[in-house]
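Letter by letter, the chains look like this.
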Amino acid sequence: MSSSDIFIGETIGTAILILLGGGVCAAVTLKASKARNAGWLAITFGWGFAVLTAVYTSAPLSGAHLNPAVTLALAIKDNVWNDVATYWGGQLLGAMIGATLVWVAYYGQFQAHLTDKEIVGGPGAQATATKAVEAQEKGAGPVLGVFSTGPEIRNVVQNLATEIIGTIVLVLAILTQGLNDNGNGLGVLGALIVALVVVGIGLSLGGPTGYAINPARDLGPRIVHALLPLPNKGGSDWGYAWIPVVGPLIGAAIAAGIYNVAFA
């Protein structure tokens, strides 16, 4: 794979991943969406199908890492670091493009949601504060969850541990079952396995933090949230933003170490 193929493949694949994954979050969250309040099952399966679609689309070009943690784990496993920066650059750019496309697709819903006084507060709002208003007061705006993750209970140690644990599960599944014949990305059957693992992680471990398990998936859309002209959007919660970046990278390194000791 050439550097240009890797960059283009990761950009396209990660854009599709975030478009469909962020799209299901928007569908469940925003006013005037037909899927509003569809619940956690819809979100977890939506992300699983997003992974499946993105991998099948980008695998012929780049091997479909779509996640800096996966790229790091493969680099550690094989001790090959030449293309890490190229993968990471494509993944971050793709995540930002995907998040922007979610905003375009749900533009009217974002406007309706963020101008509703019961969502954003202000004069005329009902006395009973919604969870969105409570989150906004803590630095996370009422639609930040469409773009990036956040904890239900803020505890740095627990939140970091949750992301590490979830990523270890993901990366071990990829390294043991998901790789193509060349061992440098996801294979056809591996894509299906990994998509189901992502659903499983969301159902079992997603409750505390929203299971980023992917630094680009969280950081790229968070940057887009900070830049977009969304009315009453509130903060982007940069105080938490390091956890879904550092946690998955630590988890990936641990998983790669486990693989090299136990499976290689």
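If you're wondering where the values come from, they're calculated on a predicted model, not measured in any experiment.

### A word on a nonpolar patch on the surface
Argument step 1. Judged by side-chain polarity, Phe 7, Ile 8, Ile 12, Leu 19, Leu 20, Leu 93, Ile 97, Leu 101 and Val 104 come together as a nonpolar surface patch covering roughly 680 Å² of accessible area.
Argument step 2. Elements with a minimum of two residues in the nonpolar patch: α1 (3-29) and α4 (84-105).
Argument step 3. Looking at which element gives the most residues to the nonpolar patch, the answer is α1, with five residues.
Argument step 4. Along the polypeptide, Ile 97 turns up in helix α4.

### Description of the confidence of the model for the protein chain
Argument step 1. Across the protein chain, the average pLDDT comes to 93, with 94% of residues at 70 or higher.
Argument step 2. For the stretch residues 125-137, pLDDT sits under 50, and the model shows 19 contacts to residues farther than four places along the chain or on other chains.

### Some points on the environment of Phe 263
Argument step 1. Mapped onto the secondary structure, Phe 263 falls in the segment after α12 (243-262).
Argument step 2. Between the C-alpha atom of Phe 263 and that of Thr 176, which follows or precedes it by 87 residues, the distance is 7.8 Å.
Argument step 3. If we ignore the near neighbours within four places in the chain, the residues touching Phe 263 are Thr 176 and Ile 258.

### Focus on unusual backbone geometry
Argument step 1. The residue Ala 64 is not glycine, and still its phi comes out positive at about 60 degrees.
Argument step 2. Using a relative accessible area of 1% as the deciding quantity, one classes Ala 64 as buried.

### Some words on the pattern of salt bridges
Argument step 1. Per the stated rule, a full pass over the model turns up four salt bridges.
Argument step 2. Between Lys 31 and Asp 116 there is a salt bridge whose closest N-O contact spans 3.1 Å. Of the two residues, Lys 31 sits in the loop between α1 and α2 (40-62) while Asp 116 sits in the loop between α5 (107-114) and α6 (117-120), which places them 85 residues apart along the sequence.
Argument step 3. Judged by its relative accessible area of 25%, Lys 31 falls in the partly exposed class.
Argument step 4. Notably, a salt bridge pairs Arg 154 with Asp 237, separated by 2.4 Å at the nearest N-O pair. Of this pair, Arg 154 sits in the loop between α8 (144-147) and α9 (156-178) while Asp 237 sits in the loop between α11 (215-227) and α12, placing them 83 residues apart in sequence.
Argument step 5. Since its relative accessible area comes to 9%, Asp 237 is described here as buried.

Rules used throughout
Residues numbered from 1 in each chain as written. Predicted model: local features only at pLDDT ≥ 70, side-chain atom pairs only at ≥ 80, totals over all residues. Heavy atoms only, no water. Patch = residues over 30% accessible without salt bridge, like charges linked within 9 Å, V, L, I, M, F, W, Y side chains within 5 Å. Areas by Shrake-Rupley, 256 points an atom, 1.4 Å probe, with all protein chains shown as cover. Salt bridge = Lys/Arg side-chain N within 4 Å of Asp/Glu carboxyl O. Helix = DSSP H or I, 4+ residues; strand = E, 2+ residues; numbered from the N terminus. pLDDT = per-residue confidence, 0-100. Contact = heavy atoms within 4.5 Å. Buried < 20%, exposed > 50% of the residue type's maximum accessible area, 1.4 Å probe, protein only.

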